[in-house]
Amino acid sequence: MTRFRALIIDDEADIRTLVAMTLNRMELECFQAGSVAEARQQLQQRSYHFCITDMKLPDGNGLDLIQLCQQKFPDMPVAMITAYGNMELGVSAMKAGAFDVVAKPIDTERLRQLARQALQLSKVPVHLETLPSAIGLIGDSAPMQSLKEQIFKVARTQAPVFIFGEDGSGKELAARLIHHQSSRAQRPLVSLSCREHSPAELEQALFGEHNPADGLLYAADGGTLLLTDIDQLPPECQGRLLRVLQDKTLSDPRQEQHLAADFRLLSASDKDLSQLVQQGQFRQDLLFRLNVITLNVPALREHPQDIPLLANHFMRLYCRQWSMPELTLQADALDALQHYAFPGNVSELENLLQRVVTLAEGDSISAADLQLQTGPQELMPAVQGRIDTSNLEDYLENIERRAITQALTATRWNKTAAAEKLGISFRALRYRCKKLGID
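How each quantity is defined
Residues numbered from 1 in each chain as written. Predicted model: local features only at pLDDT ≥ 70, side-chain atom pairs only at ≥ 80, totals over all residues. Heavy atoms only, no water. Helix = DSSP H or I, 4+ residues; strand = E, 2+ residues; numbered from the N terminus. Buried < 20%, exposed > 50% of the residue type's maximum accessible area, 1.4 Å probe, protein only. Contact = heavy atoms within 4.5 Å. Areas by Shrake-Rupley, 256 points an atom, 1.4 Å probe, with all protein chains shown as cover. Phe/Tyr/Trp six-rings, centres within 6.5 Å; stacked < 30°, edge-to-face > 60°. Lys NZ or Arg CZ within 6 Å of the ring centre and 35° of its normal. Core = buried A, V, L, I, M, F, W, Y, C linked by side-chain atoms within 4.5 Å. Pairing = 2+ DSSP bridges. Axes fitted to C-alpha atoms, helices over the stretch in contact; angles between N-to-C directions. pLDDT = per-residue confidence, 0-100. Salt bridge = Lys/Arg side-chain N within 4 Å of Asp/Glu carboxyl O. Patch = residues over 30% accessible without salt bridge, like charges linked within 9 Å, V, L, I, M, F, W, Y side chains within 5 Å. Lys, Arg positive; Asp, Glu negative; His and termini not counted. Charge placed at Lys NZ, Arg CZ, Asp CG, Glu CD.

S.K.: Got a minute to help me understand the overall build of the protein in this structure?
M.R.: Helices and strands together make up the secondary structure of the protein, namely 19 helices and 16 strands. Evaluated residue by residue, the protein yields a buried proportion of 48% over its 439 residues. When contacts within the protein are restricted to residue pairs at least 6 apart in sequence, those whose partners lie at least 24 apart make up 71%. Here the protein displays about 22,100 Å² of accessible surface, and carbon together with sulfur accounts for 49% of that area.

Dropping the structure here:
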């Protein structure tokens, strides 16, 4: 007795037979429909674990069925059959909620792979809170509830996702949750920052130095590849990545070697890529492939009502981590946190409370303990008492050291992000760290 059921919708009987024979060998019980009307009847009669439909049908199109299934059967993955090379229709299908797209003539191995991935979703938790990686995606506000709903929806497709949000807002956390709720959850999540490497290092890391099997694109086989700060991807890498996404293969021009490229691509940035396209800094055809779905992660200032939940979470986390009695936030401290802009978003809040817990002397935290500063002096600690200018160079170096250390702490020692926070170049920050003995 088969465990899974599939619905095949196509007006060509030969294609329905081919798909059914392929899925039958995977122990799926298959039901068939040749039109939208027949498909509606079949959907009313029983539940299905997987559905595959042609785009063009005698009495409608596959997009209508995808939208219907999204409304009435949101847990059922629906794949779309399109004409070969019709990427625009494929993108439209994925935007409508299609799990994946397969082109005619149908490759049976590709079909089996797609079906296996679709059926994997029955083993994936359907609530974010059941996942260990959900820690940090805390909040009951409308923006956070909307974000969680979007993550759930996009996780259950194979569509590339572009994650947009400010530094420290939680883009990487959102990416991890997409991966862990997807059909690829049991395969690796491979992450690479395009900001922290030179163009040559990025090309080698992604595509391998001499063999594509040594690169991260192959390391993500069957899983998910996350490229953060993708706006920093150099032009040469943009072109090679586009070819991989188009051909679904990895190749090295110096060798007669081709490997299947089976990964889902997630990308993230705090930059508007469409503006970079207009400025000639990013390929429009690559952007078309990347942002099939765009996920917007809100800045912390857009949901300040979640700050008490986040603050108490981080306080408990670090108190337990350092075996300390739990601390509480006084009312004036909570009020101060909710009225602070947090340019570094959730990451800045976490680092602030980590420091506060470390230095705490009582059993509660007041607004004064937070030492929040605003305006142009945000990174510059207040100077207490009389200024000793007997050695001006040492005095200025001390201020510089403290400002750089605070910026590095706020960005989790990401020197590129710290340089942006300080308003200097990465090279200048690296030079100053070396000069001041900051590791």
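Moving on from the coordinates now.
S.K.: Help me understand the packing of aromatic side chains in this model?
M.R.: Two measures describe an aromatic ring pair: the distance that separates the ring centres and the angle between the ring planes. Under the criterion given, the structure shown has four aromatic pairs. When the ring of Phe 31 is compared with that of Tyr 48, the centres are 5.8 Å apart and the planes differ by 75°; the resulting orientation is edge-to-face. With Phe 31 in strand β2 (residues 28–33) and Tyr 48 in the loop between α2 (36–45) and β3 (50–54), this residue pair connects regions lying 17 residues apart in the sequence. Assigned by exposure class, Phe 31 and Tyr 48 land together as buried. Here the guanidinium or amino end of Arg 46 rests over the ring plane of Phe 31, the centre of that ring lying 4.0 Å away. Above the face of the Phe 207 ring, Arg 240 is positioned so that its terminal group lies 4.2 Å from the ring centre.

S.K.: Can you walk me through the nonpolar core in this structure?
M.R.: Nonpolar side chains in soluble globular proteins generally cluster together in the buried interior. Counting residues in hydrophobic clusters, the biggest one holds 45 residues, and the most contacted among them are Ile 9, Ile 151, Val 161, Ile 163, Ile 178 and Leu 295. Counting residues in each nonpolar core, the second largest holds 30 residues, with Ile 230, Leu 233, Leu 241 and Leu 286 among its members.

S.K.: Would you explain the sheet that holds strand β13 (residues 264–269) in this entry?
M.R.: Hydrogen bonds between backbone groups are what pair the strands of a sheet, and the pairing can be parallel or antiparallel. A sheet is described by the order of its strands in space; here five strands give the open sequence β9-β10-β13-β8-β14, paired in parallel fashion. Only two strands of the sheet have a single neighbouring strand rather than two, namely β9 (189–193) and β14 (293–296). In this sheet, adjacent strand axes meet at a mean angle of 20° when their direction is disregarded. In this sheet, strand β10 (residues 224–228) lies alongside β9 in parallel orientation, the contact comprising five bridges. Each bridged residue has a counterpart across the sheet, and for Val 190 the counterpart in β10 is Leu 225.

S.K.: When you look at the pairing of β14 in this model, what are you seeing that I'm missing?
M.R.: Consecutive residues of a regular strand have side chains that alternate between opposite faces of the sheet. Burial along β14 is one-sided: the face carrying Ile 293 and Leu 295 is buried and the face carrying Thr 294 and Asn 296 is not. The sheet contact formed by strand β8 (residues 161–164) and β14 spans four bridges and is parallel. The partner of Phe 164 across the bridge, within β14, is Asn 296.

S.K.: What exactly am I supposed to notice about the sheet that holds strand β7 (residues 100–103) here?
M.R.: The strand order across the open sheet built from five strands is β2-β1-β3-β6-β7, with neighbouring strands paired in parallel fashion. Taken across any chain shown, the strands that pair with only one partner, and hence form the sheet edges, are β2 and β7. Between one strand axis and the next, the sheet turns by 20° as a mean value, whatever way the strands run. Set on the sheet, helix α5 (residues 108–120) makes contact with β1 (4–9), β2, β3, β6 (78–82) and β7; between it and β7 the angle comes to about 165°.

S.K.: Hey, could you run me through the confidence of the model for the protein in this one?
M.R.: Low-confidence regions, as indicated by low pLDDT, have predicted coordinates that should not be scrutinised in detail. Put simply, the protein has an average pLDDT of 86, and 89% of its residues get 70 or more. Note on residues 375–390: pLDDT under 50 across the span, and 20 contacts to partners over four residues away in sequence or across chains.

S.K.: Where do I start with unusual backbone geometry in this structure?
M.R.: When glycine is set aside, most residues are seen to have a negative phi, and most peptide bonds are trans. With an omega of -10°, the peptide bond between Lys 104 and Pro 105 qualifies as cis. Within the fold, Pro 105 resides in the loop between β7 and α5. The residue Asp 229 is not glycine, and still its phi comes out positive at about 50°. Take Asp 229: it is sitting in the loop between β10 and α10 (235–247). Even without being glycine, Lys 248 reaches a positive phi, approximately 60°. Under the relative-accessibility criterion, Lys 248 is labelled partly exposed at 48%.

S.K.: Got a minute to help me understand the pattern of salt bridges in this structure?
M.R.: Where charged atoms of side chains with opposite charge meet at close range, the side chains can pair. Enumeration according to the criterion identifies 16 salt bridges in this entry. For Asp 229, the salt bridge identified is with Arg 195, shortest N-O distance 3.1 Å. In this pair, Asp 229 is assigned in the loop between β10 and α10 and Arg 195 in the loop between β9 and α8 (199–207), connecting sequence segments 34 residues apart. The class for Asp 229 is buried, based on a relative accessible area of 10%. The salt bridge involving Asp 270 is made with Lys 271; its shortest N-O contact spans 3.2 Å. The class of Asp 270 is partly exposed, set by a relative accessible area of 21%. For Lys 271, a relative accessible area of 29% translates into the label partly exposed. Here the residues in one salt-bridge network are Asp 167, Lys 171, Arg 195, Asp 229, Asp 270, Lys 271 and Glu 420, joined through shared partners.

S.K.: Explanation requested: a negative patch on the surface in the structure shown.
M.R.: There is a patch of like negative charges on the surface, built from Asp 332, Asp 335, Glu 361 and Asp 369. Its place among the elements puts Glu 361 in the loop between α15 (345–359) and β16 (364–365). Since its relative accessible area comes to 82%, Glu 361 is described here as exposed.

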